[in-house]
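So you can see what is in the structure, the chains are spelled out below.
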Amino acid sequence: MNRRPDERDGKSRVLVIGGTKGTGLLIARLLHERGFHVRVLARDPARAAAELGASFEVIAGDLTKADTLAPAVAKVDHIIFTAGAPSGRYAPESLVKATDYQGVVDTLAAARQAGLAGRFVYLNSIGIATPSLAGALLNLLKRNTLVWRRRVEEEVRASGLDYTIIRVGFLLDRPGGEHAVIVGQDALALAPRHRIARTDVAEAFVEAMQHPSASRVTFEIVWGKGPRRESWSALFEKLKPDQRSPATP
C-alpha cells in the first residue's frame, strides 16, 4: 500500500491523469523531483505502484467511469490531464469520444464538485484547428480524435476552473533542454517539422501549472532553431489570455 503524503507539510498535491505512461509519467516524476505530492489515477493500481514507487500516491480509477473520479480529485491542489485513446493503433470513435472528450468533461465536473481551487492543465495536440495531411491521417487512425479534442477545449474554457491548455507538437523520446522552444498561439498544423521532446513538454507543464501568465490561456509548444535561451517565465509572459468562443456543435 502506498504511503500517503503528510497533508500538514504544506506541499501542493497534484493529480496526474495519464501519469502511468509517456509524457504523463515524465510529468509525474518531475513533479516529485520538485517536491510536490503526486497522485496518479490508474486502472491497475498495483502495476502503477510498481512502476512509480512508494513515494507516489496511486489511486484506482477509470477515466471512462465517471463515478470513479471523485476520490481521485478529492483534496488535490492542481490537476494535470494527459490521457487519451492509445496512440499508434486504430481506435474506434466510441473509444475516442469516451476518453478524449467525455473523460475530460467528467473530470472537470468532478473537479468543480470537489471545489478545485488550483489549475487544470490539459495536454492537447497541435493541428486541431488547422487542416493538414498528418491531421487527416490521425483522424482516420484514431477516429476523429482532433475533432473531439477541439470540442473539449471549449468545455475546459467554460468550466469555470483556472486552466492552461497546452498543444504539443510531434513527441520525441529525446533529451530535453537542448533546443530552443517556441511558445506560441498561432494554431500550427500537425506536421513532422513541428516536433518537441517529451522531456521539454513535461517541464513546460510543471512550470505552467503555477505561473500566473499561463492562467486561462491556450498555447502551443514546438522546438525552435538553435539552443535554449529564454526561461519558461519569459516565454509565458508573452501569452495572451483566451477569448471565449461559442462551443463547437
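Residues numbered from 1 in each chain as written. Predicted model: local features only at pLDDT ≥ 70, side-chain atom pairs only at ≥ 80, totals over all residues. Heavy atoms only, no water.

Asker: Explain the pairing of strand β5 (residues 119–125) here, please?
Answerer: Regular strands show a simple pattern: their side chains alternate between the two faces of the sheet. Judged by how many residues are buried, β5 sits mostly within the fold: seven of seven residues are covered. Of the two faces of β5, the one carrying Arg-119, Val-121, Leu-123 and Ser-125 and the one carrying Phe-120, Tyr-122 and Asn-124 are both buried. Strand direction decides the pairing type here: strand β4 (residues 78–81) and β5, joined by three bridges, are parallel. Pairing of Ile-79 across the sheet is with Phe-120, part of β5. In this fold, β4 hands off to helix α4 (residues 93–114), which returns the chain to β5; that crossover is right-handed. Pairing between β5 and strand β6 (residues 162–168): seven bridges, direction parallel. Its bridge partner lying in β6, Leu-123 is registered against Ile-166. (Buried < 20%, exposed > 50% of the residue type's maximum accessible area, 1.4 Å probe, protein only. Helix = DSSP H or I, 4+ residues; strand = E, 2+ residues; numbered from the N terminus. Pairing = 2+ DSSP bridges. Right-handed = clockwise from strand over helix to strand, strands pointing away.)

Asker: Before we go on, may I ask you to explain unusual backbone geometry in this structure?
Answerer: The general pattern is negative phi for most residues beyond glycine and trans for most peptide bonds. Unlike most non-glycine residues, Lys-75 shows phi in positive territory, near 60 degrees. Tracing the backbone through its elements, the reader meets Lys-75 in the loop between α3 (70–73) and β4. For Ala-187, which is not a glycine, the phi torsion comes out positive at approximately 55 degrees. Within the secondary structure layout, Ala-187 lies in the loop between β8 (181–184) and β9 (195–197). A relative accessible area of 29% means that Ala-187 is categorised as partly exposed.

Asker: Would you take a moment to explain the side chain of Lys-142 for this structure?
Answerer: Here Lys-142 lies in the loop between α5 (133–141) and α6 (145–157). Despite its burial, Lys-142 pairs with no opposite charge, the nearest such side chain being Asp-100 at 4.6 Å. At 2.9 Å, the side chain of Lys-142 forms a polar contact with the backbone oxygen of Ala-85. Leave out the neighbours within four places in its chain, and Lys-142 touches Ala-85, Pro-86, Ser-87, Arg-89, Ala-91 and Val-96. (Lys, Arg positive; Asp, Glu negative; His and termini not counted. Salt bridge = Lys/Arg side-chain N within 4 Å of Asp/Glu carboxyl O. Polar contact = N/O pair within 3.5 Å; in protein donor to acceptor, adjacent residues only side chain to side chain. Contact = heavy atoms within 4.5 Å.)

Asker: Can you help me understand the packing of aromatic side chains in this one?
Answerer: Describing an aromatic ring pair means giving the distance of the ring centres and the angle of the ring planes. Scanning the model with the defined rule gives five aromatic pairs in all. When the centroid spacing of 5.9 Å and the interplanar angle of 50 degrees are considered together, the rings of Phe-81 and Tyr-122 count as tilted. In this pair, Phe-81 is assigned in strand β4 and Tyr-122 in strand β5, connecting sequence segments 41 residues apart. The same class applies to Phe-81 as to Tyr-122, namely buried. Residues Tyr-101 and Trp-148 carry aromatic rings whose centres are separated by 5.2 Å and whose planes lie at 55 degrees to one another, so their mutual orientation is tilted. Here the residue Tyr-101 occupies a position in helix α4, and Trp-148 occupies one in helix α6, the gap between them amounting to 47 residues. For Trp-148, a relative accessible area of 10% puts it in the buried group. An aromatic cluster is built from Phe-81, Phe-120 and Tyr-122, whose rings are joined through pairwise contacts. In this structure, Arg-151 packs its charged tip against the face of Trp-148, placed 4.7 Å from the ring centre. (Phe/Tyr/Trp six-rings, centres within 6.5 Å; stacked < 30°, edge-to-face > 60°. Lys NZ or Arg CZ within 6 Å of the ring centre and 35° of its normal.)

Asker: Got a minute to help me understand the environment of Arg-174 in this structure?
Answerer: Here Arg-174 shows up in the loop between β7 (170–172) and β8. Residue Arg-174 is classed as partly exposed on the basis of its relative accessible area, which comes to 37%. Between the alpha carbons of Arg-174 and Asp-62 there is a distance of 30 Å; along the sequence they are 112 residues apart. Not counting residues up to four positions away in its chain, the partners in contact with Arg-174 are His-179, Arg-195, Ala-197, Thr-199 and Trp-223.

Take it as geometry only, folks, not as evidence of what the structure does.
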